[in-house]
Amino acid sequence: GVSSVVAVSSGKGGVGKSTVAVNLALSFARLGWKVGLMDIDVYGPNIPTMMGVMDEPRLEGEEGKERLVPPEAYGVRVMSSGFLVKEEQALIWRGPMLHSLVTQFCTQVNWGELDVLVVDMPPGTGDIQLSLAQVTQVDGAILVTTPQEVSAQDVRRAYRMFETVKVPVFGIVENMSYFVCDGCTKKHLLLGQGGGRKLAQKFGTELLAELPQ
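Residues numbered from 1 in each chain as written. Predicted model: local features only at pLDDT ≥ 70, side-chain atom pairs only at ≥ 80, totals over all residues. Heavy atoms only, no water.

Caption draft 1: The nonpolar core, seen in detail. Counting residues in hydrophobic clusters, the biggest one holds 59 residues, and the most contacted among them are Leu37, Ile40, Met51, Val118 and Leu132. If you tally residues by element for this core, the top one is helix H1 (residues 17–30), at seven residues. Not counting the four nearest positions on each side in its chain, Leu132 is found in contact with Ala7, Met38, Ile40, Val102, Cys106, Val119, Met121 and Val138. (Core = buried A, V, L, I, M, F, W, Y, C linked by side-chain atoms within 4.5 Å. Buried < 20%, exposed > 50% of the residue type's maximum accessible area, 1.4 Å probe, protein only. Helix = DSSP H or I, 4+ residues; strand = E, 2+ residues; numbered from the N terminus. Contact = heavy atoms within 4.5 Å.)

Caption draft 2: Here's a closer look at the sheet that holds strand E8 (residues 140–145). A sheet is described by the order of its strands in space; here eight strands give the open sequence E5-E6-E2-E7-E1-E8-E9-E10, paired in mixed fashion. The open sheet is flanked by strand E5 (72–73) and strand E10 (206–210), the only strands paired with a single partner. Bridge analysis of strand E1 (residues 5–9) against strand E7 (residues 116–120) gives four bridges, and the strand direction is parallel. The partner of Val8 across the bridge, within E7, is Asp120. Across the sheet, helix H5 (residues 149–164) lies against E1, E8 and strand E9 (169–174), angled at about 170° from E8, the strand it touches most. (Pairing = 2+ DSSP bridges. Axes fitted to C-alpha atoms, helices over the stretch in contact; angles between N-to-C directions.)

Caption draft 3: Examining the packing of H5 against helix H6 (residues 195–203) more closely. It is at 10 Å that the axes of H5 and H6 come closest, and there the two elements cross at 30°. Considered as vectors, H5 and H6 are oriented roughly parallel to each other. Considering only the axes of H5 and H6, their crossing is right-handed. Listed contacts from H6 to Ala152, Val155, Arg156, Tyr159 and Arg160 of H5 are Leu199, Lys202 and Phe203. Tallied by class, the residues present in the contact of H5 with H6 amount to five nonpolar, no polar and three charged. (Parallel < 35°, antiparallel > 145°, perpendicular 65-115°, else oblique. Left-handed = near helix turned anticlockwise from the far one by under 90°. Nonpolar A, V, L, I, M, F, W, Y, C, P; charged D, E, K, R; others polar.)

Caption draft 4: Up close: the environment of Lys187. Structurally, Lys187 can be placed in the loop between E9 and H6. It is 9.0 Å that separates the C-alpha atoms of Lys187 and Ser177, two residues lying ten residues apart in sequence.

Caption draft 5: Structural view of the pattern of salt bridges. All told, the structure shown has seven salt bridges when counted by the stated rule. When salt bridges that share partners are traced, they join Lys17, Asp41 and Asp120 into one network. (Salt bridge = Lys/Arg side-chain N within 4 Å of Asp/Glu carboxyl O.)

Caption draft 6: Just unusual backbone geometry, in detail. Positive phi, normally seen in glycine, also occurs at Lys166, with a value near 60°. Turning to its location among the elements, Lys166 is positioned in the loop between H5 and E9. Positive phi, normally seen in glycine, also occurs at Met176, with a value near 55°. Along the polypeptide, Met176 turns up in the loop between E9 and H6. The class for Met176 is partly exposed, based on a relative accessible area of 23%.

Here it is, written out as structure tokens:
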């Protein structure tokens, strides 16, 4: 029942990937679309907090064939690895367990009919990224970076990873592009300039947005 799957990814953590995923999902919902938001960032599952979701998913169906029903907030159905652990508990999982999580979220969650499922990915190019590409058809990815070269380096690796698994990249979002203080309208470039634009030009894709701090 899911028409499209869009992955939001990055090469490194702390660049605002979850923020972009949340705002993208909410923007789709504002358009009147049926939207799901799947958080498989097991290292920092912040989506429940960012979406203000207090309820945990519930089980439905007969014994042995149960499926999880995701809670809903702001018109978006939300499923997160954060629901599986207590607050402040770390998920110390190896590859097979991560693959099992992705499979469960894709096949054992009753998402219902969705126009789009936005997937918040963990940073890097590891097991979860590969598992998602194997388990379901990802229609495209959005890569999030900040202006600095150290962030752009990791995004280049992420781009090549999606290229390898034949997932198209819709474009680049540069987060923390500039800061506008209260006393003026000047854009202060605290983290450098043009990292996202250079990436888009290098890979022949689109710079989708330059977001302020």
